[in-house]
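# Architecture at a glance
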Amino acid sequence: MSELDPEDLKIITLARSARARTGAAEGAAVRDTDGRTYAATTVALPSLGLTALQAAVAAAVSSGAEGLEAAAVVTASESVDEASVAAVRDLTAGAPVLRADAAGELRETL
């Protein structure tokens, strides 16, 4: 991960921490255009279901974020689901979505 920008490393670390803290399958974090960060995990309630990235985007939007610089998902999955990527693209079409494994190693940039 040494080739990553320190700010991108930060959101991967935040996503890993959120995932580890709750024992969730996925953790995510986003950085808005003001540099603020938001972290979340998957929400699986009977009345509400959000991917970790959707939850992080929702936290950013509910805090007034108007755009995203980058997003990160820490997951064992081989891909980031379309609904998660769509949530980021709804806010900022060109924001990179970083997929990292549980160890924090970057596996893919969308």
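Structure shown above.
Residues numbered from 1 in each chain as written. Predicted model: local features only at pLDDT ≥ 70, side-chain atom pairs only at ≥ 80, totals over all residues. Heavy atoms only, no water.

### Comments concerning helix 3 (residues 82-91)
Note the following rule: Throughout, exposure labels follow a simple rule: accessible area from a 1.4 Å probe, protein chains only, divided by the maximum for the residue type, with under 20% read as buried, over 50% as exposed, and the rest as partly exposed. Strands are runs of DSSP state E lasting at least two residues, helices are runs of H or I lasting at least four, and both sets are numbered from the N terminus onward. Comment: arc refers to directions from the helix axis out to C-beta atoms. Any two residues whose heavy atoms approach within 4.5 Å are treated as being in contact.
Taken together, the buried positions of helix 3 are occupied by Ser84, Val85, Ala87 and Val88. Seen from one end, helix 3 has its buried residues packed into an arc of 150°, which puts them on one side. Of the exposed residues in helix 3, the ones pointing more than 90 degrees away from its buried face are Glu82 and Asp90. Along its buried surface, helix 3 packs onto helix 2 (52-62), strand 5 (68-75) and strand 6 (97-100).

### Focus: the sheet that holds strand 1 (residues 26-32)
Where we set the bar: Think of it this way: DSSP has to see at least two bridges between two strands before they count as a pair. To get an axis, a line is fitted to the C-alpha atoms, and for a helix only the part in contact is used. The angle between two axes follows their N-to-C directions and goes from 0 to 180 degrees.
Strand order in the open sheet formed by five strands is 2-1-5-6-7, with mixed pairing between adjacent strands. The open sheet is flanked by strand 2 (37-41) and strand 7 (106-109), the only strands paired with a single partner. Averaged over neighbouring strand pairs, the angle between their axes works out to 20° when direction is ignored. Direction of pairing for strand 5 relative to strand 6: parallel, over a ladder of four bridges. Following the sheet pairing, Ala72 is matched in strand 6 by Leu98. This element, helix 2, spans strand 1, strand 2, strand 5 and strand 6 of the sheet and lies at about 30° to strand 1.

### What about the environment of Ala72?
Here Ala72 is to be found in strand 5. On the basis of relative accessibility, which here comes to 0%, the residue Ala72 falls in the buried class. When the C-alpha positions of Ala72 and Arg16 are compared, they lie 9.4 Å apart, and in sequence the two are 56 residues distant. Not counting residues up to four positions away in its chain, the partners in contact with Ala72 are Ile11, Ile12, Ala15, Gly27, Ala28, Ala29, Leu53 and Leu98.

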